[in-house]
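Chain and residue survey
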Amino acid sequence: MILSRADKDKLIALYSASLDAEWPDGPLPADVRSERNIATLIPRAQKAAREHLQGVNAWLFTHAKGHVAKIIDGTRTYAEQDKLYAQGRTAPGKIVTNARGGQSWHNFGVAWDIGVFAPLGAYLGDSPYYDKAGEIGRIQGLEWGGDWRTFQDKPHFQLAGFTLAKLQDMKQNGIAIT
Ligand SMILES: [Zn+2]
């Protein structure tokens with residue numbers, strides 16, 4: 001998903017007139033950690049995630065200098081998801097998910113989580129910048145976990161147009177998720 005001219009104009013009008021000159025026609029490669037996570041996504045999600053990250057970092061650059069966003073999680077195998085589910089239940093730690101293997105958007109290559117980092121590199125688990133990232137994601141046509149009613153998940157973004165049931169069905173029947 002490359003941003004249309006109209007969407008770019010909308011972003012620029014919303015956030016900064018100075019962004020235009022810095023905005024290339026396609027998403028740039030991200031930092032190493034983000035790219036490692038982006039690599040676990042399906043191609044369409046890779047493009048969307050890079051584009052979103054670039055939009056968020058452009059906004060942070062002009063409005064919250066020194067802060068940076070990275071993609072800190074991408075696709076998990078069912079086994080990895082089960083391990084995460086066990087955390088806080090049968091394994092030490094605090095509960096971080098209600099999804100078992102096959103029940104998370106992260107199991108299908110269409111979802112990723114961002115993290116916002118302060119100028120000296122500290123991870124910010126809670127920050128108003130996640131709401132900005134959500135606004136930018138919405139403009140780019142993504143689904144944002146901050147819009148969920150039952151389990152708000154502000155760092156979470158995913159491609160629109162799927163349901164979990166549809167993804168599970170596609171995977172089970174060997175249909176490529178694109
Ligand atoms: Zn997530």
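Section: the overall build of the protein
When its secondary structure is counted, the protein shows seven helices and five strands. Listed by position from the N terminus, the elements making up the protein come as α-α-α-α-β-α-β-β-α-β-β-α. In the protein, which comprises 178 residues, the share counted as buried stands at 31%. Looking at the protein alone, contacts between residues at least 24 apart form 61% of all its contacts between residues at least 6 apart.

Details of the packing of helix H4 (residues 43-63) against helix H6 (residues 129-139)
Geometry of a packed helix pair, given as the angle between the helix axes and the separation of the axes. Contact geometry for H4 and H6: axes closest at 9 Å, N-to-C directions at 130°. By the angle class used here, H4 and H6 are oblique. Judged by the sense of rotation from one axis to the other, the crossing of H4 with H6 is right-handed. From H4, His-52, Gly-55, Val-56, Trp-59 and Leu-60 reach across to H6, where they touch Tyr-129, Lys-132, Ala-133, Ile-136 and Gly-137. Across the contact of H4 with H6, the residue classes tally to six nonpolar, three polar and one charged.

Some words on the pairing of strand S2 (residues 111-117)
Pairing of strand S1 (residues 68-73) with S2 involves five bridges; the strand directions are antiparallel. Note that in S2 the partner of Asp-73 across the bridge is Asp-113. With three bridges connecting them, S2 and strand S5 (residues 156-158) associate as antiparallel partners. For Trp-112, the partnering residue across the bridge sits in S5 and is Phe-157. Where S2 lies against strand S3 (residues 123-124), two bridges are found, and the strand directions are antiparallel. By the bridge assignment for S3, Val-116 is matched with Leu-124. Counted between consecutive antiparallel strands, the loop separating S2 from S3 contains five residues, among which Gly-121 sits at a positive phi close to 100°.

Some points on the nonpolar core
Most often, soluble globular proteins have nonpolar side chains that are buried together. If you look at the biggest cluster of nonpolar residues, it comprises 26 residues, and the most contacted ones within it are Ala-49, Val-56, Ile-114 and Ala-133. Within the residue set of this core, elements represented by two or more residues are H4, S1, S2 and H6. Ranked by the residues each element gives to this core, the list is headed by H4, at six residues. For Ile-114, the contacting residues outside a window of four places in its chain are Leu-53, Val-56, Ala-69, Lys-70, Ile-71, Ile-72, Ala-133, Pro-155 and Phe-157.

Examining helix H5 (residues 78-86)
Three or more residues of H5 are buried, namely Gln-81, Leu-84 and Tyr-85. Down the axis of H5, the buried set is contained in an arc of 100°. They therefore lie on one face. Count one or two residues on from H5 and you reach Gly-88, which has phi positive near 85°.

Quick notes on the environment of Gly-134
Along the chain, the position of Gly-134 falls in helix H6. Using a count of 21 C-beta atoms within 10 Å as the deciding quantity, one classes Gly-134 as buried. On a C-alpha basis, the gap between Gly-134 and Val-56 in space is 9.0 Å, while along the polypeptide they are 78 residues apart. Apart from residues lying up to four places away in sequence, Gly-134 is in contact with Trp-144, Gly-146 and Lys-154.

Here's the deal with H4
Between the first and last C-alpha of H4 there are 30 Å, a value that for 21 residues agrees with the 30 Å anticipated at 1.5 Å per step. Within the span of H4, buried status applies to Ala-45, Ala-48, Ala-49, Arg-50, Glu-51, His-52, Leu-53, Gln-54, Gly-55, Val-56, Asn-57 and Trp-59.

Procedures and definitions
Residues numbered from 1 in each chain as written. Predicted model: local features only at pLDDT ≥ 70, side-chain atom pairs only at ≥ 80, totals over all residues. Helix = DSSP H or I, 4+ residues; strand = E, 2+ residues; numbered from the N terminus. Buried ≥ 20, exposed ≤ 12 C-beta atoms within 10 Å, placed from the backbone. Contact = placed C-beta atoms within 7 Å. Axes fitted to C-alpha atoms, helices over the stretch in contact; angles between N-to-C directions. Parallel < 35°, antiparallel > 145°, perpendicular 65-115°, else oblique. Left-handed = near helix turned anticlockwise from the far one by under 90°. Nonpolar A, V, L, I, M, F, W, Y, C, P; charged D, E, K, R; others polar. Pairing = 2+ DSSP bridges. Core = buried A, V, L, I, M, F, W, Y, C linked by C-beta atoms within 7 Å. Arc of directions from axis to C-beta. Expected span 1.5 Å × (residues − 1).

Everything listed is a geometric property; what it means functionally is a separate question.
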